[in-house]
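Fold and geometry: a report
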Amino acid sequence: MKLTRKMGIVLAASVLLLFTAACGSGGSGSGSGNNTSGGSAEAPANSAAEAKSESAEAPADKKVTLGFAQVGAESGWRTANTTSIQDSAKEAGFDLKFSDAQQKQENQIKAIRTYIQQKVDVIAFSPVVESGWDTVLKEAKDAGIPVILTDRAVDSKDTSLYETFIGSDFVEEGRRAGQWLVDKYKDAAGDVNIVELQGTTGSAPANDRKAGFAEVIKSNPNLKVIASQTGDFTRAKGKEVMQAFLKANKKIDVLYAHNDDMALGAIQAIEAAGLKPGEDIVIISIDGVKDGFTAASEGKINFIVECNPLLGPQLMQAVRDVLDGKEIPKRIVTVEGVFTSEEAKKELPNRKY
Ligand code: AHR
C-alpha cells in the first residue's frame, strides 16, 4: 500500500507517542521507593544515602516502614526507651516493625536480615554489643536501606554503613560519676574501696562508663576499684554479684553501678547483709529512672548520672530527614544532667519514666 503524506504524519506521531510513554513508565518504575534492589541494579548506589534518595520519589502519602531491633527488656531504662520509640512512631504515622533481641546479638542480626528481606524504608537499632556488625550492615547498605543507630554505638571503621548515631555520651557519664567521687573524697586520708557493677559485657555503655570513670578517679590514688564484675544491667544480677562482693570483701566504701537496676538489686543485697545503703556504702548509679530516683530520694543512692531513654522523637525526625535526602549530623548527642539525693527528691514528682 502506498503511504499518503497525511498517513505518514499520523504514523510518525504515533511512534513518537509510543516512545515517550515507554520512557516515562521505565523512569517511574526504577524510582519506586519499594523497589530498592531494582534501583541499585540500574545504577549501583555508592551508599544507602544515595539509594534512599530514590525512595524520596515515592508518593508523599506512602506510609514509611521503620524496622527497629531493640536490645531487650533488661531494665527500667529500656522499657521507657521502647515506649518512647513505639509512641513516637505512631505519632509520626510510621508503620513500625519492632523486635526484642533478648540481649542476644544473633537475634538482632536475624531481625535486621528480616527487615532487609521485607524491604523496609529504614532500619534502626540499639546494638547489644559494639563489635561484629559489619557484615549485616553491609547487607543493608547493598539493599539500599539506610540504617540509624540509637542509644549504643558500633565499633565499625566504615562509618558509611550507618547514617547517624543518636544517643548519650557514655564516656562522659562515667566521668561525671567519677568526678563526683573525686570531689567527695578530696580530703580522704586512707584508701576508699570501690566495687563496680558493669553493664553487659562488650556493650558500649559498659565499656565507656568504665573507661570514663577510671580516667577521672586516677587523679586520686586513694580511690581504688577493688572488684569489678558484670551484672548484665539487670536487678537480679546486680543483687547476685553484690552478694558475692560483700562476701569476698571486708571493707567496701563505694558502689559504682553502671545503671539504676543493678544498683537497686545491690541495695537489696546490702540491706540483707545488715548494712545501710547510702550510708555504710556510698552508691553512685547511672540512668535516673523513677525507681532510681525513689531510692535516691530515700537516701539509698547518693548520686545519679542521667541517661535519657526518650530517644523516639529524635529518631523519627532523623528517619524523615534521611528519607527526604537531607544531610544529618553523623552524631547526635542527647542532653543530660546529674542529681544528688536532695535534687532527686525534688525532681521525683516530675519524672516521666
Ligand atoms: O544503653 C543504655 C543502657 O542500657 C542503660 O543505661 C541501661 O539501663 C540499659 O539497659
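Reading the values: rules and limits
Per chain, the residues get numbers from 1 upward, laid out in the order the sequence is written. Totals for whole chains, interfaces and linings use all residues, but because this is a predicted model, local features are given only for residues with pLDDT of at least 70 and pairs of side-chain atoms are given and counted only at 80 or more. Calculated side-chain values reflect all of the structure's heavy atoms, with hydrogen atoms and water omitted. Each helix is a run of DSSP H or I of at least 4 residues and each strand a run of E of at least 2, with the numbering of both proceeding from the N terminus. Each residue's exposure class comes from its accessible area (1.4 Å probe, protein chains only) as a fraction of the maximum for that residue type: buried when under 20%, exposed when over 50%, partly exposed otherwise. The criterion used for residue contact is that any of the two residues' heavy atoms lie within 4.5 Å. Note on areas: Shrake-Rupley with a 1.4 Å probe; residue coverage comes only from the protein chains shown. In short, DSSP must find at least two bridges between two strands for them to pair. By the criterion used throughout, a crossover qualifies as right-handed when its path from the first strand across the helix to the second strand runs clockwise, the strands pointing away from the viewer. Helices are assigned an expected span. That span is 1.5 Å times one less than the residue count. Working definition: the arc comes from the directions between the helix axis and the C-beta atoms, pointing outward to the latter. Between N-to-C directions, angles span 0 to 180 degrees; the directions come from axes that are lines fitted to C-alpha atoms, helices contributing only their stretch in contact. Take the far helix as the reference: if the near one is turned anticlockwise from it by less than a right angle, the crossing is left-handed, and if turned clockwise, right-handed. Side-chain classes are defined by residue name, with Ala, Val, Leu, Ile, Met, Phe, Trp, Tyr, Cys and Pro counting as nonpolar, Asp, Glu, Lys and Arg as charged, and the others, Gly among them, as polar.

As for the overall build of the chain
Assigned secondary structure in the chain consists of 13 helices and twelve strands. Scored against the burial criterion, the 353 residues of the chain give a buried share of 51%. For the chain, long-range pairs separated by at least 24 residues make up 75% of all intrachain contacts whose partners lie at least 6 apart in sequence. Summing over all exposed atoms, the chain offers an accessible surface of approximately 16,600 Å²; the carbon and sulfur share of this is 54%.

Thoughts on the pairing of strand β8 (residues 254-257)
Neither face of β8 is open: one carries Val 254 and Tyr 256, the other Leu 255 and Ala 257, and all of them are buried. Judged from the four bridges that link them, strand β6 (residues 192-198) and β8 form a sheet pairing that is parallel. What sits directly across from Val 195, in β8, is Leu 255. Taken together, the three bridges between β8 and strand β9 (residues 282-287) define a ladder with parallel strand orientation. The residue of β9 that forms the bridge with Leu 255 is Ile 283. The handedness of the β8 to β9 crossover, carried by helix α10 (residues 260-272), is right-handed.

Some details on helix α5 (residues 105-117)
Taking 1.5 Å of rise per residue, the 13 residues of α5 would be expected to cover 18 Å, and the 19 Å separating its terminal C-alpha atoms lies within 8% of that figure. Residues of α5 that are buried include every one of Gln 108, Ile 109, Ala 111, Ile 112, Tyr 115 and Ile 116, and no others. Down the axis of α5, the buried set is contained in an arc of 160 degrees. They therefore lie on one face. Of the residues in α5, the exposed ones pointing more than 90 degrees away from the buried face are Lys 110 and Gln 117. Looking at the packing, one finds that the buried side of α5 touches β1 (65-70), β2 (95-100), β3 (122-125) and α6 (134-142). Directly beyond the C-terminal end of α5, a positive phi value near 55 degrees is found at Lys 119.

Here we look at the packing of helix α7 (residues 170-184) against helix α8 (residues 204-217)
For the pair α7 and α8, interaxial distance at closest approach is 6 Å and the crossing angle is 35 degrees. Classified by chirality, the crossing of α8 by α7 is right-handed. Judged by residue contacts, Phe 170, Val 171, Glu 173, Gly 174, Arg 175, Ala 177, Gly 178, Gln 179, Leu 181 and Val 182 of α7 engage Ala 204, Pro 205, Asp 208, Arg 209, Gly 212, Phe 213, Glu 215, Val 216 and Ile 217 from α8. Within the contact of α7 with α8, the residues separate by chemical class into ten nonpolar, four polar and five charged.

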